[in-house]
2 protein chains.
Amino acid sequence: MSGALKDAAIRVERPAKTLRELALDKVREAIVNGYFRPGDRLVERDLCAQLGVSRTVVREVLRHLESEGLVANLPNKGPIVAQLDIDEARQIYEIRGALEGMAARLCAERGSPEIVAALEESLTAIRNSYRDSDMAGVLANTSSFYQTLFTMVDRHVAWGVVNLLTVRINHLRSMTIKTERRGIEGPLQMSKIVDAIRRGDGEGAQRAAMDHVAAASAIAEAVLSAQKPAE
Amino acid sequence: MSGALKDAAIRVERPAKTLRELALDKVREAIVNGYFRPGDRLVERDLCAQLGVSRTVVREVLRHLESEGLVANLPNKGPIVAQLDIDEARQIYEIRGALEGMAARLCAERGSPEIVAALEESLTAIRNSYRDSDMAGVLANTSSFYQTLFTMVDRHVAWGVVNLLTVRINHLRSMTIKTERRGIEGPLQMSKIVDAIRRGDGEGAQRAAMDHVAAASAIAEAVLSAQKPAE
DNA sequence: AATCGTATTATGGCCTACCAAATACTGTAG
DNA sequence: CTACAGTATTTGGTAGGCCATAATACGATT
């Protein structure tokens, strides 16, 4: 019985991540940050060599990424990095709008000061990252802003869905935040969400959240349709 | 672009489903319709024997189901059928409400008679299935009702999300539809959605869709909390 | 020269067999 | 009756091989 206490206290983060999970993260990251480009073939045996793992592991990873929508499987040709078409991106933003709007409304209706405080903290972090031109930081802190929004009202499933969809548009996100004026307008829109939550204005919070996503979507669409002809 | 048309016309169906996909469907179905119960261990080699395939395939299938949320992986103990707790179910219904509400609103705003016709067709099919006490038919036709709702306004991604979430609560669904009076009220609520869409009343359609899901959620909650103590 | 087989290669799908480490089980000695 | 050692079970992971198919290259025939 004495054992139960000790390992709860000194619990080290991830004592045993399986090789598969490590490989999964590596490949996902490689796709998300553009090391593998959309349309690239992902040849099993090559990945084995590059990752230093066996085909079994690689195949499981590819299966997983396939179900995440990051990888598409052409019959008789094998896996490639999924192409993101503009319509799909639009749909993903729309879903995010619906879910983030829902979460924002719930936050407002709960009316707890801790939520506002936590959101404001993320928001300041975002502003600082923008000021330092730390784009990776912007992304991370934006994520944590939304994570707060969802988890403070215990909507882990919805947060999971949003996360799942977000990886598919991640390179879009990194382009939208680099847009001129986004450094001002983005945080401004987000602070409107926070304001509405502070006022306990559910309707307003929902609308503000949806507006913010809609703005991001519009920028993404512009970016995407501008680069399509270039290919 | 001319290619898109022609092969849609003569498209031969999928003659060659891979063994993996077959196995995936089999196992998923076995979980969904209760052959494997929540908490059951899914021993790789046993599954190999039962499915008549190799471990390679079984492992990929388990990975896939894990990312679908139907299977949970205990570290160093292996995969089990995921347990559905009541809070998670509630969240899933809530998300469905948000997305189906969105789709219903879009259908109403588009105001195309084909949509109404297609929905009405599904609705009659549901009524017939209820009349014949064909519960599998009710589920299938309800699915196709919602599929229509999403795909008629080209929201394939959202439909995918709803589908993904729905398998996790499938056994709940089959219990809720067996509830007394559900055979009347269910179709009634759905016809309210259709009515609102026919009127072009986006707001009303959204509310009707959310009401319908909320009703299902309430029943599911009752069912679930009634059976929990029994275990 | 153009076209039509045919060999080769690349690759995915699937299988068997094996090993190591963790966990659960069991039987025995003290 | 407990503690401990040994054994079985099972996952995580590896290695390698077989077969089918698609694409490519190459050579032969008209």
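Residues numbered from 1 in each chain as written. Chains lettered and ligands numbered in written order. Predicted model: local features only at pLDDT ≥ 70, side-chain atom pairs only at ≥ 80, totals over all residues. Heavy atoms only, no water.

Looking at an unreviewed UniProt entry, one finds chain A named GntR family transcriptional regulator, with Rhizobium chutanense as its source organism.

Time to look at the packing of helix H6 (residues 113–131) of chain A against helix H7 (residues 135–151) of chain A. Residue and element names in this part refer to chain A. For the pair H6 and H7, the least separation of the axes is 8 Å and the interaxial angle reads 170 degrees. Between H6 and H7, the crossing angle belongs to the class labelled roughly antiparallel. Across from Ala118, Leu119, Ser122, Leu123, Ala125, Ile126, Ser129 and Tyr130 in H6, the residues of H7 making contact are Gly137, Val138, Asn141, Thr142, Ser144, Phe145, Thr148 and Leu149. Here the residues of the contact of H6 with H7 sort into nine nonpolar, seven polar and no charged. (Axes fitted to C-alpha atoms, helices over the stretch in contact; angles between N-to-C directions. Helix = DSSP H or I, 4+ residues; strand = E, 2+ residues; numbered from the N terminus. Parallel < 35°, antiparallel > 145°, perpendicular 65-115°, else oblique. Contact = heavy atoms within 4.5 Å. Nonpolar A, V, L, I, M, F, W, Y, C, P; charged D, E, K, R; others polar.)

The next thing to look at is the relation of the copies chain A and chain B. Expressed as a screw operation, the relation of chain A to chain B combines 0.1 Å of axial shift with a rotation of 180 degrees, fitting to an RMSD of 0.1 Å. Such a combination of turn and shift is consistent with a two-fold rotation axis. Looking at the rotation axis and the C-alpha trace of chain A, the residue lying nearest is Glu60 of chain A, at 2.7 Å. A share of 96% of the interface residues of chain A reappears at the interface of chain B, consistent with the copies meeting face to face through the same patch. (Least-squares fit on C-alpha atoms with pLDDT ≥ 70 in both.)

Here we take up the interface of chain A and chain B. In this complex, chain A contributes 26 residues to the contact, which on the side of chain B involves 26 residues. Linking chain A with chain B are six salt bridges, by the criterion used here. With its nearest N and O atoms 3.0 Å apart, the salt bridge here joins Glu60 of chain B to Arg63 of chain A. Put simply, chain A and chain B have 13 residue pairs in polar contact (both at pLDDT 80 or more) between them. For the side of chain A that touches chain B, the elements supplying multiple residues, two or more each, are helix H4 (55–68), helix H5 (86–110) and helix H8 (156–168) of chain A. Ranked by residue count, the leading element in the side of chain A that touches chain B is H5 of chain A, at nine residues. Residue composition of the side of chain A that touches chain B, by class: 12 nonpolar, six polar and eight charged. (Salt bridge = Lys/Arg side-chain N within 4 Å of Asp/Glu carboxyl O. Polar contact = N/O pair within 3.5 Å; in protein donor to acceptor, adjacent residues only side chain to side chain.)

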